[in-house]
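# Summary of structural features
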Amino acid sequence: MTKIFTFFVLLLTLIFVLPSCETDVDLDAEWKEITVVYGLLNQLDSTHYLRINKAFLGGDALQMAKIPDSSGYRNNLEVTLEGWSTDEKVQTITFDTTTVDNKDSGMWYNPYMVAYKGAGVLDPGLQYRLKIKNVLSGHEVSSVTNLIHDFYIKKPVAGGRLTLFRGFNTAFSWSNGKNARRYEPLLRFYYYEIPTGTTDTTMKHIDWYLSTITSNNLQGEGEVEISFGNDGFYDFVKNMLDKENFEGKRLCGTVDFIISAGGDEYDTYMRVNGPSYSLVQDRPEYTNIENGLGLFSSRYSIFRNKRLDPRAEDEIIALDLKFVKNVNL
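The present account deals with the structure reproduced in this document. Keep in mind that what you see is a predicted model, and the values were worked out from it rather than measured.

Here we take up helix H6 (residues 310-317). Looking at H6, one finds that the buried residues are Ala-312, Glu-313 and Ile-316. All buried residues of H6 fall inside an arc of 100° around its axis, so they share one side. In this fold, the buried residues of H6 make contact with strand S9 (161-162), strand S11 (182-195), helix H4 (230-240), strand S15 (248-262), strand S16 (293-308) and strand S17 (323-324). The backbone nitrogen of Arg-311 lies 2.8 Å from a side-chain oxygen of the residue at the head of H6, namely Asp-309.

Here is the structure:
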């Protein structure tokens with residue numbers, strides 16, 4: 001549920017986009033039903049979630065957002081996800097309403113929020129078509145996406161230990177995945193905390209986001225290689241962990257090399273709605289929801305876990321963050 005909540009918060013904090021190049025929203029025009037959809041499919045998941053709301057006009061938007069009926073459809077939607085092989089429909093997943101019960105406070109109603117949930121195993125070889133119909137008004141919206149095929153990490157190689165010698169760089173490379181356009185590599189450092197006076201051990205982690213890479217093809221051809229400075233890794237750990245407000249000891253854990261990939265639609269959406277550094281503020285509008293607004297795309301993540309070399313552990317201990325030797329590392 002934490003992943004689901006994080007996903008919803010990310011989507012809701014993105015800028016609300018207008019329809020793509022077809023019609024601008026006229027605040028003085030006659031009322032028109034506008035469905036807003038957000039969803040990212042991942043074949044690693046057996047349960048899938050969509051956020052579906054209706055846009056509203058008039059009144060104080062900040063106050064209306066706190067009222068569930070202002071943006072919710074109740075149980076008036078038929079939502080299906082279809083898997084197609086060329087011209088043949090071979091899979092159908094039906095979605096029903098579910099309640100997220102731990103949404104943080106903010107401009108939207110909370111802590112309960114309605115989402116749409118469907119269960120089924122997705123096939124990367126199929127094209128997935130989303131269909132939504134309001135059974136009361138007859139209003140229909142749709143969208144299409146392809147799933148990202150599996151890809152693999154080339155460096156660092158499997159096995160062995162992560163040395164992270166100061167003054168050197170570490171290579172991080174992977175093969176491109178079919179239907180993947182955007183890659184976001186990161187390092188996840190696991191560590192353990194044991195507060196003074198207890199034997200309780202809590203595993204925690206911090207994430208170092210390295211960059212954003214855009215592939216020049218969707219066929220899964222070629223590979224990507226980046227590198228990071230080992231000194232930069234130690235600086236990141238030192239800047240992220242607080243020693244003043246923690247009483248106890250810490251132990252080093254392992255490091256995950258993680259690559260999160262997003263589909264072509266996701267990349268376009270993020271680029272259009274990302275920060276603008278241009279003096280020209282008018283930017284193109286983007287949505288891939290037919291007869292509606294929002295984003296429907298795919299995501300996929302892979303990782304490689306590495307154990308730390310004792311010399312890397314010593315470097316972290318030397319940062320004076322209350323780390324001690326981990327005999328089980």
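Turning next to the packing of aromatic side chains. All told, the structure shown has 15 aromatic pairs when counted by the stated rule. Ring centres 5.0 Å apart and planes at 85° place the aromatic pair Phe-172 and Phe-257 in the edge-to-face group. One end of the pair, Phe-172, is in strand S10 (residues 169-175); the other, Phe-257, is in strand S15, with 85 residues separating them in the sequence. Each member of the pair, Phe-172 as well as Phe-257, carries the same accessibility label: buried. Where Phe-233 meets Tyr-234, the ring centres are 5.6 Å apart and the plane angle is 70°; that geometry is what we call edge-to-face. Directly above the aromatic system of Tyr-73 lies the positively charged group of Lys-54, at a separation of 5.7 Å from the ring centroid.

By size, the foremost hydrophobic cluster in this structure holds 36 residues, and its most contacted members are Phe-151, Phe-189, Phe-233, Val-237, Leu-308 and Ile-316. Residue assignment for this core shows that the elements contributing at least two residues are S10, S11, strand S12 (202-209), strand S14 (223-229), H4, S15, S16 and H6. For this core, the element with the highest residue contribution is S15, accounting for 5 residues. With residues near it in sequence (within four places) discarded, Leu-308 still touches Arg-161, Leu-162, Leu-164, Phe-189, Cys-252, Gly-253, Val-255, Ile-316 and Leu-329. In terms of nonpolar packing, the next biggest core, distinct from the first, is built from 20 residues, Leu-50, Leu-81, Leu-126 and Ile-289 among them.

Parameters and conventions
- Residues numbered from 1 in each chain as written.
- Predicted model: local features only at pLDDT ≥ 70, side-chain atom pairs only at ≥ 80, totals over all residues.
- Heavy atoms only, no water.
- Buried < 20%, exposed > 50% of the residue type's maximum accessible area, 1.4 Å probe, protein only.
- Helix = DSSP H or I, 4+ residues; strand = E, 2+ residues; numbered from the N terminus.
- Arc of directions from axis to C-beta.
- Contact = heavy atoms within 4.5 Å.
- Polar contact = N/O pair within 3.5 Å; in protein donor to acceptor, adjacent residues only side chain to side chain.
- Phe/Tyr/Trp six-rings, centres within 6.5 Å; stacked < 30°, edge-to-face > 60°.
- Lys NZ or Arg CZ within 6 Å of the ring centre and 35° of its normal.
- Core = buried A, V, L, I, M, F, W, Y, C linked by side-chain atoms within 4.5 Å.

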